[in-house]
Amino acid sequence: MKGKIQIQDHDSCGTGVLFSKNNEFNHSVIKRALLSLSNMKHRGALSYDGVTTDGCGILLDIDRKFFQKKLLEEQNLILPNNFSIAVLMVQDNFDYKKKFSEICSKFDLKISAERELNVDRNLLGELAKKSCPRIIHAFISPKKNNDTENLEVSFFKIKKYLDNNFCAEKELYCVSFSAKTIVYKGLVHPDVFSSFYSDLADERHKSASSTFHIRFSTNTSPKWHLAQPYRLIAHNGEINTISGNRNWATARIQNFKSKHLGDLKDYYPLINQKGSDSSSLDNILELFTLGGINVGRAARMLIPPSWQNTDLMDADEKAFHEYNSMHMEAWDGPALICFQNNNYVSCFLDRNGLRPARIEYFDDNTICVSSEVGSNEMKGLKRIETGRLGPGGLILFDRNAKELLMNDQVDKKLSTSKPYREWLKENSKHLEANLHTYSGPEMREVSEKYFQQSCNSFLLNKEEMEMLRVYAMESNEPTGSMGDDTPISPISKKIRSLYDNCRQKFAQVTNPPIDSLREKSVMSLETCIGPELNIFEETSEHANRIVVNSPILSHKKFNLLLKNKKFPCKRFSLEYRESEGLEEAILRVLDDVVKSVKLGTNLVVLDEKQSSSKIPVIPALLATSALHNRLINENLRTKCNLIINTASARDNHQIACLIAFGATCVHPWLGLQAILKVSNNSMDLSSNELCVAYRKCLNKGLLKIMSKMGISNVSSYRGSGLFEVIGFSDEVNSLCFPKNDSLIKGESFEDLHKKNMLSISFDGSDDRVAKGLHKYKHNGEEHAFNPDVVMNLQNSLKSGSFKEFKNYSSYVNSRKPLAIRDYFELCSNNKPINLEEVEPIESILSRFDSAGMSLGSMSPHAHETLAAAMNGLGCRSNSGEGGEDPKRYGTNLESKIKQVASGRFGVTPHYLRNAEVLQIKIAQGAKPGEGGQLPGSKVDSYIAELRYSKPGITLISPPPHHDIYSIEDLAQLIYDLKQVNPKALVSVKLVSEPGVGIVAAGVVKANADFITISGHDGGTGASPISSIRHAGSPWETGMYETQNTLLQSNLRSYVRLQTDGGLKTAEDVIKAAVFGADSFGFGTAPMIAMGCKYLRICHLNNCATGVATQQLRIINDHFLGEVEKVQKFFEFTAHEVREKLAKLGLKSLEDAIGDTSLMILKKDYKDESVKLGFDRLLDRYRPNKKQSNELKKNLINNSLSDESLNNLITKKLKTNLAKGKGGSFNFEIKNTQRSVGARLAGDIAEKFGREGFPEKIILNFKGNAGQSFGCWNSKGVELKLNGLANDYVGKGMNGGKIVITKNKHLNQERPVLVGNTCLFGATGGEFYATGVAGERFAVRNSGAKAIIEGTGDHCCEYMTGGEVIVLGPVGNNFGAGMTGGFAYVFDQDRSFVDKCNKDLVSFNRITSQEMEAHRSYLKDRIAHFIKETNSNIGNEILEDFEKYQSLFWIVTPYAENLSRIIRKTREDAA
Amino acid sequence: MSSNFEFIDIKRIEPETKSIKVRKIEFEEIYQTQNLESVKEQSSRCLDCGNPYCEWKCPLHNYIPDWLKLAQIGSIHEAADLCHETNSFPEICGRICPQEKLCEGACTLNTGYEAVTIGQIEKYITDKALSEGWKPKKLVESSTKKTVSIIGAGPAGLACAENLIRRGVKCIVYDRYSQIGGLLTYGIPEFKLEKNIVIKRREILEELGVEFVLNYEVDEKRMNEIEKNSDAIFLGLGTYESIKGNINGLSKDGVVEALPYLIKNTEYLMSEEDAENIDFRDKKVVVLGGGDTAMDCVRTAIRQQAKSVYCVYRRDKENMPGSVKEIKHAMEEGVEFLFNSQPLEIIGNGTVRQLKIGKTKLGKADGSGRRKPVLIKNSEKILDVDKLVIAFGYEADPQSFIAENNIKVSDRGLISLDNENYKYQTSNPKFFAGGDMIIGSSLAVHAIAHGRDAAKEIIKFLET
């Protein structure tokens, strides 16, 4: 179908497992699981019809008696004892029976009985009803007597057969097939699940364990078979590495040999290559467990904890993990997996603890592990203990032995089951450890002539030399600013590096990026070399590997590898004869390598080196990727490693490309040679030191690129192909990038060969080779904001004449194609109309926004000028992420759009309440996958005050929002924002990339009103240059995908789409509208109107035009920005839009939106456009009825707000609020009641402003609080909860108090009381809890004071202010990125030293003489804590403070000063 | 370590000029030599803009921010290498370009901070590098057996030769004067560009392999011969015909044209023996015109110890075409400017005695965008004059061999480049041309740009 977008499934959800510790069958296990589903429906999503969910379901033990009774009742049939149940989803007209019994009888199985479930379809939503299958239970018995284990293997093969041969959507899908477990699932609303599946309501139906799941999928049209649980697992989260995992699963297929499983050849692929990531994980877990791997080891192999960088792990356990890592890369990403089969119940969590996993122990001997606490709370049932799974956590219940093991206990058992440590010691070899034995040559400098020749042939120019110099000298990437305004490489007329055709993928919303710097403890580049063996066997031979700590090799390590004695090594030159041609040459090399690997070569070295200036070389990128794929197809990939001796890959992006396309290791010889040249000019550093620094910088960069996809292990990144590959023809793609599905095509082998020939004959000064890629160079790469454009625009605005402005716009519109839109022109069959008939300028202007640019990156003067200009025109300005001066609220200087970004700078209830639009910045066009940066030099006292930080300290926003690790988290944040400011529209800013349409669909279902699709060319105030250049796609493709995906899924009319990224003229505006945009964001153009000259020095704080600096001496004397000039730009543009509409015969811009008949390919570039594939961008997916652009009321998830406790609170407090009178109120609370307190905070902010409520309001709650309890709490409000709370307690708290005390039934010391990411972005207030918090406590706290009895990992991360007192154990990585505030930690087991991240903080004991003030302050605080909570632990410590004081640490950022802290704190308290 | 605020903290400082007293008598460059420290300091003021407006405005698109950065860290030889990537004679451009109209005029800092002293640093880099033995490298040893002949050793011809030889193409340069440089040598007085600079260049070019045939007036016959022995020919003959202006009495004694005046003075200074001298000592001198040549004339007259020197110009100071810094220098040295003054009649019996001038005001802009001066009635005034120099500019005067070789020229006598195959190719494919003779009298920097670009085109032409 035209414009139909291929959709990949992503999902995230709420999940859990409830089981009996005695393995007792009981109906309440089922009933409570269903209750949990119902109580976590806010974690799932609804489709446009408001009833169809994305799916929910439960997995149960087969209750044999129940089914026997059922069949007797229904069919008067007596089932044999020995039956298994296959649950089938069958589409109406599909005759499954013959096929199914055929395959069963192949395994000597017969269908003894069948029952088609009598389901009530009237309960379903429109969409679910349409696709609802028949649901059939087939009762299968062996023809002869077989033992059960073997049966499960037969069932596995039958499932594989069915998966591989029938279409799940149209024909047949096997939901579960087992003698022991059964799955009920579907697109059913959880509230009616047991009415739909009446089996479940039947009180006779019992189970000892049940796994439940409710789904939120970004997938646009939900499907029955994709509901979870799968056959063994339910999964909440995302497998970020799925593409690599699937490739490796295919590559490894021959290593899956188990006597249990027998021959599997007929059942390939064993791991599904499409469908959802969760189903692939289910596949491999089933394969592993049936193949004889213990589920604990399987879990540890697939989702290992981070063992590489910790000093706290037992050596045997470390060896166990290292051994596993040699044969399996991690399935990485936020994940809580609930697993259930006959023998085990297990739950495990990813290495970084990115999903909540709370454990509850009840007095009826049941245990529940799930995404939220309190979801199956029932009358009379008492919770006696609570806990949680931390990062890499694992709980394993052996159902036969009735033994429950946690984390270390499991690892202990597994790691001592085989002599792993010994095996490693004997067989594996760490390369660096043997460095001293190396006697080969140091890297010698090549001759100047050869170096120059190589530079020319492999396109290493001066600009890059300068960049490499910074790599080596500073061991850091150079920083730049503004956007990438050059054409993407397929459009460029210059010869560019092939790596420019690879655009880095990045995670947004569905799977978050991680922070590779602050959370480096979870990152690893360790690389194993050597052939892989059968995964089902465990022998010492399996440990025979060479290990290197990074895939980027030094010259020495490269030589050591070449000379190693373990594995045969062979070098292959990539040179080829001109007459041979590129394609033939690649095929020849592939054949040679395959032959050689078959003969036993383990290390394949591809040499990208040129022996003479006449001989062309196959680009390493193409060779590596083609070879990787060929080796997979030949089942040889795991037998060998690819080592690339490369000249073309020198920076981190290039090297990441090679690794993502299959390279095991990379030796960037030309890069290292360039560093040797640098060292000739360096007095201070030796060449060796510089090379080390260079590689260190590359390592950092590689980690950064991996972390953009949320991947922490290089082994999971390798071969993942996580790049959008653009600019190659289908023939190149099919040989080198077979999985590539980019919309942008391009060059053939012939073209590439020609370019290759050209580049080897250059003399270095040729204009055909691209230069000036970052900064403009004459005759270099084109720049959209080149000096002519800037000067034309500024001069036309100075003159104020529309005629001159049109000179500017026609100059821009007639440029040589530089963006995709330049290949199109507007056209119409309509007769032109008079200008007067076109809608007035005001209605055009109302569609114009300024793009988010923070105060801080811009000077206050520029920021205010822009706001005033936009407000004056009826447009909206965007505050950016740096907060806003409250003085501007309500005046013409306020920003109507207020941004909420990952750093949450200055995000207070007051700020949020003063917005028309709240924009959640998920990613920014200039550097998607990374957070904003504000260099310290720009943080003056004013900026610091607004951002609640310290002057002079660089502010880096985290790459992810720490409260969004999954799509349902975004839904929650949107819910939070709508609670605090119900009138505001919520907008979500995404960056264009393949798949953004699907993300957008999810965002609509998460209840957003606006979606911005930014192009890759967006600007930034500061960013590493490689990030500016290599990530993100043009907005045209993103908009095309988004528009079509939303149309396809009937979601388009629920949301307004905006685009931004380099918009300059009216023509850009109308073209964007045709692509689907309703509104338009302008960033750079209005900046230039204010005097910006595109100097790209924003990050240095010395912007001479006064736009992007905080230096008053510059701003006062040289800032020329005028409101009028900015307004002129928008008015002129809007006016020109009207003129163009008149010409097109359209009365309003509305008529142009999404109408692709208004655009055709420009004649002059038609062939080129077709070659690049741009003609397809005019395709539109059209549903049967005409798309209406009218905005509908968003019904999706709307029903949820009725439950809001906030409504009740608002009602009860109405009079108090109106009069500013305090009071005390009591409420019951349950987990479905979320963001409690937010509405009140918003109302207070509206009425009383920044100062908060004048008196004291006390709200007492009993029960289990839903997510975001007390978020954005306001001054004057005290929230007291007796019970448990979920994630995000006190998020964004600005004042007041939150006190959480444990319920009297909880007898345990230090119970887990609150979930993850509490106090995230808090700007003030107090927090006390008599228990432990989850991960990321007080992340980005900038003012709150908290006392708590223990925390998980990453406590106090990025903290810039406030204080945190932890009276108990903390997790790893304490204080990472912390630059302000301070913390006291009670370190009873003396493990803190290893847990603290020492990059930015120091820690001291408080026992010394000069710490007197701290001791007394701490005592005061603990006393206060006891007063608030009556904490036993607090009491104990205080009573014997003399004894305990020596166990305290005070943690302070280097930026802080100890004595100043205490003085300041005392002052604040006074 | 840079502070990023050098552009404010450090003031723009040009090298000091010598005292007026010395300047008034010496035919030597007026600037004191700079020292490395001040060059480093001044180059550190560069912002290294993302859009380098200096580079964009420069006709040669010199990599200005890049070599300023090198100068800042003292890598003078690397800086010189980089200067020579885009410019054949950076030290000459550094001296004679009107920077305030080009690079320095476009400099981002020229909006109230004062531009970086680009010209002075450019001059320093090459001077310093050359004095330390640095030399421009050949890019290609030898690429072809073909020969290119270049007619005219002015900036266009020399730039073309420099580019050809560094790219391995043999070339022979012909010129009618005894020294190379054309107007660089003969038209520009020593106090702006000392002759040893050009002589040094000659050494370098010869060392690279350029062959000069000097004192060689190319006529039709000689052209035939050259044509036969060359694979391509580049014409860079300039425009030497003075524009006369519409005044009565131009033929009187004591009226001289600017160019012969300057050339003769230079020849005399270079070798007193066999050169004719026009000496204005103790004379009342009036120069007509407002361009750089007029400035050269007035300043030459000052140094010849003229009694008084007046410059008469039709428009006001702001509208003078000459380089602002030259006007400033002239004023410093004692030249009196009569702005808004139009020469009406040269009075004198056979020999000039007086000049009648009238006052003007500026009227509406004409086609070229400049405001036209309009004479104010009854504003005549008489000036006493001993020597009157006409410096209205030059126009083309095509040599006879041009027509002979079927090279098309325009109405204005400029060579037309209407051949679409190669830039700078004339209607006769073997002939290329550049410099003043294709665009009319203009800046040396344009001529250099033409010569360089033409060389690249010629190489392409020779390869096919």
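Not measured: the values here are computed from a predicted model. (Residues numbered from 1 in each chain as written. Chains lettered and ligands numbered in written order. Predicted model: local features only at pLDDT ≥ 70, side-chain atom pairs only at ≥ 80, totals over all residues. Heavy atoms only, no water.)

Would you explain the overall build of chain B in this entry?
Each helix and strand counted, chain B has 19 helices and 16 strands in total. With the C-alpha coordinates of chain B rotated into their principal frame, the extents come out at 65 × 65 × 50 Å. Buried positions account for 57% of the 464 residues belonging to chain B. A fraction of 70% describes how many contacts in chain B between residues 6 or more apart in sequence connect residues 24 or more apart. Accessible area of chain B: about 19700 Å², with a carbon and sulfur share of 46%. (Helix = DSSP H or I, 4+ residues; strand = E, 2+ residues; numbered from the N terminus. Buried < 20%, exposed > 50% of the residue type's maximum accessible area, 1.4 Å probe, protein only. Contact = heavy atoms within 4.5 Å. Areas by Shrake-Rupley, 256 points an atom, 1.4 Å probe, with all protein chains shown as cover.)

Any chance you could explain helix H19 (residues 444–463) of chain B here in plain terms?
Each α-helix winds once per 3.6 residues, and so residues spaced three or four apart point in a common direction. The end-to-end C-alpha distance of H19(B) is 29 Å, a good match for the 28 Å that 20 residues give at a rise of 1.5 Å each. For H19(B), the tally of buried residues reaches 15 of 20 residues, placing the bulk of the element in the interior. (Expected span 1.5 Å × (residues − 1).)

Even after reading the chapter, I still don't get the pairing of strand E3 (residues 84–90) of chain A, so can you show me in this structure?
If a strand is regular, its side chains alternate between the two faces of the sheet. Residues and elements named next belong to chain A. For E3, the tally of buried residues reaches seven of seven residues, placing the bulk of the element in the interior. Residues of E3 alternate between two faces, with Ser84, Ala86, Leu88 and Val90 on one and Ile85, Val87 and Met89 on the opposite face, all of them buried. As defined by bridge partners, E3 adjoins strand E5 (residues 134–142) across seven bridges and the pair is classed as antiparallel. Its bridge partner being in E5, Val87 is matched across the sheet by His137. Both E3 and strand E6 (residues 172–178) contribute to a ladder of six bridges, which runs antiparallel. Paired with Met89 across the two strands is Tyr173, which belongs to E6. (Pairing = 2+ DSSP bridges.)

Which parts of the structure should I look at to understand the interface of chain A and chain B?
How big an interface is tends to be expressed through the accessible area that disappears when the partners come together. Listed as interface residues are 29 residues of chain A and, on the opposing side, 28 residues of chain B. Between chain A and chain B the total buried area reaches about 2500 Å² when both faces are included, carbon and sulfur atoms providing 54% of it. When the area that chain A buries against chain B is broken down by residue, the three leading residues are A:Lys777, A:His778 and A:Arg1113, summing to 19%. Linking chain A with chain B are five salt bridges, by the criterion used here. B:Asp9 serves as the salt-bridge partner of A:Arg1113, at 2.7 Å between the closest nitrogen and oxygen. (Buried area = accessible area lost by both parts, 1.4 Å probe. Salt bridge = Lys/Arg side-chain N within 4 Å of Asp/Glu carboxyl O.)

Can you walk me through the pattern of salt bridges in this structure?
Side-chain pairing between opposite charges can occur once the charged atoms of the two side chains come close. Taken as a whole and judged by the stated rule, the model has 113 salt bridges over all chains. A salt bridge links A:Arg32 to A:Asp364, with the shortest nitrogen-to-oxygen separation between them at 3.2 Å. Of the two residues, A:Arg32 is situated in helix H1 (residues 27–39) and A:Asp364 in the loop between strand E12 (358–362) and strand E13 (366–370); the sequence distance between them amounts to 332 residues. Taken together, the shared-partner salt bridges connect B:Arg23, B:Arg299, B:Arg303, B:Glu326, B:Lys328, B:Glu332 and B:Glu333 into one network.

Teacher, can you tell me more about the pairing of strand E40 (residues 1257–1265) of chain A here?
Residue and element names in this part refer to chain A. Inspection of the sheet shows strand E39 (residues 1223–1229) paired to E40 by seven bridges, in the parallel sense. Each residue of the ladder has a partner; that of Glu1228, found in E40, is Lys1262. In this region the chain leaves E39, passes through helix H42 (residues 1238–1248) and returns to the parallel neighbour E40; the handedness of that crossover is right-handed. Sheet topology places E40 next to strand E41 (residues 1277–1285); nine bridges connect them, and they run parallel. Of the residues in E41, the one forming a bridge with Gly1263 is Gly1283. (Right-handed = clockwise from strand over helix to strand, strands pointing away.)

Mind showing me how you'd approach the environment of A:Val1107 here?
Residues and elements named next belong to chain A. Structurally, Val1107 is set in the loop between helix H36 (1084–1089) and helix H37 (1112–1118). Note: C-alpha distance between Val1107 and Met1087 (20 residues apart in sequence) is 7.5 Å. The residues contacting Val1107, other than those within four sequence positions of it, are Ser857, Met858, Ser859, Ala862, Met1087, Met1090, Gly1091, Cys1092 and Phe1119.

Looking at this structure, I do not really get the sheet that holds strand E44 (residues 1342–1348) of chain A. What am I missing?
What holds strands together in a sheet is hydrogen bonding between their backbones, with the strands either parallel or antiparallel. All names here are of chain A. Strand order in the open sheet formed by ten strands is E39-E40-E41-E42-E43-E44-E45-E46-E48-E47, with mixed pairing between adjacent strands. Because the sheet does not close on itself, it has two edges, and the strands there are E39 and strand E47 (1401–1405). Sheet twist, expressed as the mean angle between neighbouring strand axes with direction ignored, is 15°. (Axes fitted to C-alpha atoms, helices over the stretch in contact; angles between N-to-C directions.)

So what exactly am I meant to see when it comes to a negative patch on the surface here?
There is a patch of like negative charges on the surface, built from A:Glu583, A:Glu584, A:Glu731 and A:Glu750. Accessibility expressed as a relative area gives 30% for A:Glu583, which makes it partly exposed. (Patch = residues over 30% accessible without salt bridge, like charges linked within 9 Å, V, L, I, M, F, W, Y side chains within 5 Å. Lys, Arg positive; Asp, Glu negative; His and termini not counted. Charge placed at Lys NZ, Arg CZ, Asp CG, Glu CD.)

Would you take a moment to explain the sheet that holds strand E2 (residues 170–174) of chain B for this structure?
Residues and elements named next belong to chain B. With parallel pairing, five strands are arranged side by side in an open sheet as E3-E2-E1-E4-E16. Each of the sheet's edge strands pairs with one partner strand only, and the pair in question is strand E3 (211–213) and strand E16 (431–433). Looking at each pair of strands side by side, their axes are set apart by 20° on average, direction ignored. Where strand E1 (residues 147–151) and E2 come together, five bridges link them in parallel fashion. Bridge pairing links Thr147 to Lys170 in E2.

Which parts of the structure should I look at to understand the packing of aromatic side chains?
Geometrically, a pair of aromatic rings is defined through the distance of the ring centres and the angle of the planes. Taken as a whole and assessed by the stated rule, the structure comprises 63 aromatic pairs over all chains. Ring geometry for A:Phe83 versus A:Phe139: centroids 5.6 Å apart, planes at 65°, classification edge-to-face. Taken as a pair, A:Phe83 in the loop between helix H2 (64–75) and E3 and A:Phe139 in strand E5 lie far apart in primary sequence, 56 residues in all. One exposure class covers both A:Phe83 and A:Phe139, and it is buried. Here A:Phe1327 and A:Phe1337 contribute two aromatic rings whose centre-to-centre distance is 5.5 Å and whose plane-to-plane angle is 55°, an arrangement assigned as tilted. Within this pair, whereas A:Phe1327 is found in strand E43 (residues 1326–1329), its partner A:Phe1337 is found in the loop between E43 and E44, the two being separated by ten residues in sequence. Take A:Phe1327 and A:Phe1337: they sit in the same class, and that class is buried. Taken together, the aromatic side chains of A:Phe802, A:Phe805, A:Tyr808, A:Phe848, A:Phe1080, A:Phe1082, A:Phe1129, A:Phe1130 and A:Phe1132 make up a single cluster linked through ring pairs. Directly above the ring of A:Trp669 sits A:Lys609, whose terminal nitrogen or CZ lies 5.0 Å from the centroid. Taking NZ or CZ as reference, B:Arg176 lies 4.7 Å from the ring centre of B:Tyr240, over its face. (Phe/Tyr/Trp six-rings, centres within 6.5 Å; stacked < 30°, edge-to-face > 60°. Lys NZ or Arg CZ within 6 Å of the ring centre and 35° of its normal.)

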